[in-house]
Amino acid sequence: MNLDALNKVAEAMVAPGRGILAADESTGTMQKRMDAISVQNTEDNRRDYRELMFRAKEAMGYVSGVILYDETIWQNAKDGTPLVKLIEDANAIPGIKVDEGARDLLGGKPGEKITRGLDKLHERLPKYYEKGARFAKWRAIIDPNNISYAGLLANAHALARYANLCQEFDIVPIVEPEVLMDGDNAIETTAAVTEWVLKETFQQLYYLNVALEGIVLKPNMIVPGKKAARQASIDEVAEKTIKVLKASVPSAVPGIAYLSGGQSDELATAHLSRMNEIGDFPWKMTFSYGRALQAAPQKAWAGKAENVAAAQRAFLHRARMNGLASKGEWKTDLEKQAA
Ligand code: 13P
């Protein structure tokens, strides 16, 4: 393990002004995204869509790294250029989702999930490194309304096993314990469960000697469930998120890159910006958004070659807004200015 190299990559991933494009949707998740814009979910369409983002030079100026799905890391652009090279040419770092999704965890609460993918991970990681990946991602899924200690522990331990393996192969692990926001739980429940999950995760990272200087944490923000009776203000989300993270995340971690988790794209930007405006914490804070970066370009593209420029403009706008948010400089009136 070369901790100096890992730390440099981690710092670059969270450098102010830039953040991570999570373009690692599995083929199943892409089915939902493509259905929403009435486009067939074929290998070529997935390639064309992702290629348009990676070729959007100006937008990619706000992107420090791109998380890829296994299919994409091996794919070439239409003209034969490896997609990984397009990302590198845009001065962004290629990364790879290495978890293999979640399945029901028998023995936990009914419906509790455990993330799969540790078997043979030590064989897959060097191949991804050779292809250009310098960071990886593993997502644990926690439902705040359906949680047992056994489930939490199993997920935290798997995150630590994954992080430990990544570092052995000089790949920065993005550690992503996601507390879901789909339910009706109050913001206080999200706060309490997230604090528990983060504390258990860092305990497991400690037991496995994971070097915190060489990871990036990808948590959820502290928001109420989407169906909660009381929604929260931007200030409340920002303050509660900072409070929970300060209570749970060691300052040796270089940076935090939030998932958007189903927030609207503008709210995900506003929350991040407000936190960076407050600025009372020891880490860099940026974005690692999937939906909050891509919903607008997907809609603009709609599977048509003649819409590529419009989709790239929509992507630029969201990337620029989030780049500003990573410095606490986003304002509502900037949101209204088209890219
Ligand atoms: P969202 O920003 O759409 O939540 O996706 C981020 C991600 O990578 C989830 O694993």
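Rules used throughout
Residue positions are given per chain, counting from 1 as you read along its sequence in written order. Local features in this predicted model are restricted to residues of pLDDT 70 or higher, and side-chain atom pairs are both shown and tallied only at a pLDDT of 80 or more, whereas totals for entire chains, interfaces and linings draw on every residue. Note: side-chain values were computed over all heavy atoms of the structure, leaving out hydrogens and water. Salt bridge, as used here: a side-chain nitrogen of Lys or Arg that lies within 4 Å of a carboxyl oxygen of Asp or Glu. The numbering of helices and of strands both runs from the N terminus, where a helix is a DSSP run of H or I of at least 4 residues and a strand a run of E of at least 2. Buried residues are those whose accessible area, probed at 1.4 Å on protein chains only, stays under 20% of the maximum for their type, while exposed residues exceed 50% and partly exposed ones sit between those limits. The span you would expect from a helix comes to 1.5 Å times its residue count less one. If a single non-hydrogen atom of a residue is within 4 Å of a molecule or strand, that residue counts as near it. Throughout this description, a polar contact denotes any pair of N or O atoms lying within 3.5 Å of each other; where both atoms belong to protein, one of them has to be capable of donating a hydrogen while the other can accept it, and for residues adjacent in sequence the pair is counted only when both atoms sit in side chains. We get accessible surface area from the Shrake-Rupley algorithm with a probe of 1.4 Å; when it comes to residues, only the shown protein chains can shield them. Throughout, the protein atoms alone are placed on a 1 Å grid, and a set of points is a cavity if a 1.4 Å probe fits but cannot get out or a pocket if it is open with protein on both sides within 12 Å along at least five of seven lines; lining residues have an atom within 4 Å of a point. Grid points define the cavity or pocket, and a molecule sits in it when more than half of its atoms lie within 2 Å of them. Amino acids outside the nonpolar list (Ala, Val, Leu, Ile, Met, Phe, Trp, Tyr, Cys, Pro) and the charged list (Asp, Glu, Lys, Arg) are all regarded as polar, and Gly is one of them.

Participant: What am I meant to see in the pattern of salt bridges here?
Facilitator: When the charged atoms of two side chains with opposite charge come close together, those side chains can pair. Under the criterion given, the structure shown has 28 salt bridges. For Arg47, the salt bridge identified is with Glu51, shortest N-O distance 3.8 Å. One end of the pair is Arg47 and the other is Glu51, both in helix H3 (residues 43–54) and 4 residues apart, which spans about a single turn. Exposure remark for Glu51: the relative accessible area of 11% places this residue in the buried category. Of the charged contacts, one joins Arg139 and Glu176 as a salt bridge, the two residues approaching to 4.0 Å between their closest N and O atoms. With Arg139 in strand S6 (residues 135–142) and Glu176 in strand S7 (residues 172–179), this residue pair connects regions lying 37 residues apart in the sequence. Here Arg139 falls in the partly exposed class, since its relative accessible area comes to 27%. Several salt bridges converge on common partners, so that one network encompasses Asp44, Arg47, Asp48, Glu51, Arg55, Lys78 and Asp79.

Participant: Explain helix H13 (residues 308–325) here, please?
Facilitator: With 18 residues, H13 should reach 26 Å at 1.5 Å per residue; the first-to-last C-alpha distance of 26 Å fits that figure. For H13, the set of buried residues is Ala311, Ala314, Phe315, Leu316, His317, Arg318, Ala319, Met321, Asn322, Gly323, Leu324 and Ala325.

Participant: Is there a simple way to explain the site of the ligand in this structure?
Facilitator: Among the 13 residues in the neighbourhood of the ligand, the closest are listed as Lys137, Lys218, Ser260, Gly261 and Arg291. Within the side chain of Glu176, a nitrogen or oxygen atom sits 2.9 Å from an oxygen atom of the ligand. Protein chains bury 91% of the 300 Å² of accessible surface belonging to the ligand in isolation. Mapping the ligand onto the cavity grids shows that it belongs to the largest pocket. Mapped onto the shell around the ligand, the elements with two or more residues apiece are S6 and strand S10 (284–289). For the shell around the ligand, the class distribution of residues is 3 nonpolar, 4 polar and 6 charged.

Read these as spatial facts, not as claims about activity.
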